[in-house]
Amino acid sequence: MIDPFGRRISYLRVSVTDRCDFRCVYCMAEDMTFLPKAEILSLEELDRLCSAFVGLGVRKLRLTGGEPLVRKGIMGLIRNLSRHLDSGALEELTLTTNGSQLGKYARELADCGVRRVNVSIDSLDPEKFTRITRWGKLEPVLAGIQAAKDAGIRVKLNTVALKGVNDDEFYRLIEWCGENGHDITFIEVMPMGDIGGENRVDQFYPISLLRSHLAKRWTLTENSHRSGGPARYVTLEETGQRVGFITPLTHNFCESCNRVRLTCTGTLYMCLGQDDAADLRAPLRQSESDEALVAAIREAITRKPKGHDFIIDRRHSGPAVERHMSVTGG
């Protein structure tokens, strides 16, 4: 699949549920209204959709949410999708998780061929962690990370940089990751969905500023490592670990975008920061043949835009798109 700008689409992110057991302050409002279960694709339908994309050239498949591990029966889907790893059609099957259920499923994930996961964690202070997540507890997340490590799964932390919230913990997070053998990526807050009383202008912390602070403490060397996503990495020479930066606002990553995002209702978003979408549920359900589905996917790729238009400032303090991050999984 080649988009209008010559980019090969080889990476599919699938939000298997919009539900989550956390309510992070930058992601969703505390009093969320989730999709009716009747609108959600079955696990069998998600398998069929993902398999169609694999047949069209997708080589990396990431399951997201919401929180993917709260979806009932999720391990059955992951076990079924792992057949594409066995066949060699898929290079990587992975997921992004808040870690709350990781301790329960780490061993089984490893048995299914999952070799690495991203865990979203924004603070190592238990009280602050609960304030950020509203409902979350730090201890089971750290236990889940350890369980994944013990199972042979490599863990990378994803940390959203929040001004006045966790900007005093960046050094500590990096040092903790170095001590435990994890990479870490810092992410700028993104203007997606109504998050209640929170103001994203007040939350926004530019990654360029973070990087300049890190350079005063460590020697940063550009690293050519690519994880398949938008992160750009440096190596901390003093520790040898990788630190990544995702900068959708201060320096967008659109020129090399190889990703599309599928929601749990079968809606395909060609860009995280644009509203244009394609309905794949209708062609999926209209026939047992994949002919109409494949045609719909190919047509959607022809509409993939060059990039997003995220802006956060005092004139643009509202969401750039109405859907919450949990709909498309970041």
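The structure presented is a predicted model; accordingly, all values stated were derived computationally and were not measured.

(A) Inspection of the overall build of the protein at higher detail. Scanning the protein for helices and strands turns up 12 helices and 12 strands. Taken over 330 residues, the protein has a buried fraction of 57%. Pairs at least 24 residues apart make up 73% of the contacts formed inside the protein by residues separated by at least 6 positions. Just so you have it, the protein exposes about 13,900 Å², and 48% of that area is on carbon and sulfur atoms.

(B) Representation of the pairing of strand 2 (residues 60-64) in the model. With respect to burial, strand 2 is a largely interior element, 5 of its 5 residues being buried. Where strand 1 (residues 11-15) lies against strand 2, 5 bridges are found, and the strand directions are parallel. Directly across from S15, in strand 2, lies its bridge partner T64. On the question of chirality, the crossover connecting strand 1 to the parallel strand 2 by way of helix 1 (residues 43-55) is right-handed. Pairing of strand 2 with strand 3 (residues 92-97) involves 4 bridges; the strand directions are parallel. Note on strand 3: the bridge partner recorded for R62 is T94.

(C) Looking closely at the packing of aromatic side chains. Inspection of the entire model under this criterion finds 4 aromatic pairs. Centre to centre, the rings of F170 and F186 are 5.2 Å apart; their planes meet at 70°, and the pair counts as edge-to-face. Of the two residues, F170 sits in helix 7 (residues 170-180) while F186 sits in strand 6 (residues 183-188), which places them 16 residues apart along the sequence. Summarising the burial analysis for this pair, F170 and F186 share the class buried. Taken together, the ring pairs in this structure connect F170, F186 and Y205 into an aromatic cluster. Lying over the aromatic face of W135, R23 brings its terminal NZ or CZ to 4.0 Å of the ring centre. Above the plane of the ring of W218 lies R217, whose end atom (NZ or CZ) is 5.2 Å from the centre.

(D) Highlighting the sheet that holds strand 11 (residues 267-269). The strand order across the open sheet formed by 12 strands is 7-8-9-6-5-4-3-2-1-10-11-12, and the pairing between neighbours is mixed. Either end of the sheet is taken by a strand with one partner, and the two such strands are strand 7 (220-223) and strand 12 (277-279). Strand-to-strand twist of the sheet, defined as the mean angle between neighbouring strand axes without regard to direction, takes the value 25°.

(E) Representation of the pattern of salt bridges in the model. All chains considered together, the criterion is met by 16 salt bridges. With a closest N to O distance of 2.7 Å, R217 and E175 form a salt bridge. Pair noted here: R217 is in helix 9 (residues 207-217) and E175 is in helix 7, with a separation of 42 residues, a long-range link. A salt bridge links E222 to R211; the nearest nitrogen and oxygen atoms lie 2.2 Å apart. Taken together, the positions of E222 in strand 7 and R211 in helix 9 put the pair 11 residues apart, joining distant regions of the chain. Look at the salt bridges and you will find they share partners, linking K128, D168, E169 and R172 into a network.

(F) Broad picture of helix 9. Where helix 9 is concerned, the buried positions are I207, L210 and L214. Seen along its axis, helix 9 keeps its buried residues to an arc of 55°; they face one direction.

(G) Structural context of the packing of helix 7 against helix 9. At a minimum axis distance of 11 Å, the contact between helix 7 and helix 9 shows a crossing angle of 60°. Crossing of helix 7 over helix 9 shows right-handed handedness. Contact with helix 7, carried on its side by F170, Y171, I174 and E175, involves L210, H213, L214 and R217 of helix 9 and no other residues of that element. Taken together, the residues of the contact of helix 7 with helix 9 sort by class into 5 nonpolar, 1 polar and 2 charged.

(H) Inspection of unusual backbone geometry at higher detail. Cis rather than trans, the peptide bond between G65 and G66 has omega equal to 15°. With respect to the helices and strands, G66 occurs in the loop between strand 2 and helix 2 (74-81). At R134, a residue that is not glycine, the phi angle is positive and equals roughly 70°.

(I) How the structure looks around the confidence of the model for the protein. With 85% of its residues at a pLDDT of 70 or more, the protein has an overall mean of 87. For the stretch residues 310-321, pLDDT sits under 50, and the model shows 37 contacts to residues farther than four places along the chain or on other chains.

About the criteria used
Along each chain, the written sequence defines residue order, and numbers are assigned to residues from 1. In keeping with the model being predicted, local features are shown solely for residues with a pLDDT of at least 70 and side-chain atom pairs are shown and tallied solely at 80 or more, while totals for entire chains, interfaces and linings include all residues. Processing note: side-chain calculations cover all non-hydrogen atoms of the structure and skip hydrogens and water entirely. Comment: elements are numbered from the N terminus, with helices defined as DSSP H or I runs of at least four residues and strands as E runs of at least two. Between buried and exposed lies partly exposed: a residue is buried under 20% and exposed over 50% of the maximum accessible area for its type, with that area taken using a 1.4 Å probe on protein chains only. Contact definition: two residues touch when any of their heavy atoms are within 4.5 Å. Methods summary: accessible areas were calculated by the Shrake-Rupley approach with a probe of 1.4 Å, and residue burial reflects only the protein chains presented. At least two bridges found by DSSP between two strands are what make those strands a pair. The path from the first strand over the helix to the second decides the hand: if it runs clockwise while the strands point away from the viewer, the crossover is right-handed. The rule is short: rings of Phe, Tyr and Trp, with Trp giving its six-membered ring, pair when the centres are within 6.5 Å, and they are stacked under 30 degrees, edge-to-face over 60, tilted in between. We count a charge as sitting over a ring when the NZ of a lysine or the CZ of an arginine lies within 6 Å of the ring centre and within 35 degrees of the ring normal. Think of each axis as a best-fit line through the C-alpha atoms, taken over the contacting stretch in the case of a helix, with angles from 0 to 180 degrees between the N-to-C directions. Salt bridge, as applied in this entry: a Lys or Arg side-chain nitrogen positioned within 4 Å of an Asp or Glu carboxyl oxygen. In this description, the arc belongs to the directions extending from the helix axis to the C-beta atoms. The crossing is said to be left-handed when, going from far helix to near helix, the turn is anticlockwise and less than a right angle, and right-handed when the turn is clockwise. In this classification, Asp, Glu, Lys and Arg are treated as charged, Ala, Val, Leu, Ile, Met, Phe, Trp, Tyr, Cys and Pro as nonpolar, and every other residue, Gly included, as polar. Per-residue confidence from the predictor is given as pLDDT, running between 0 and 100.

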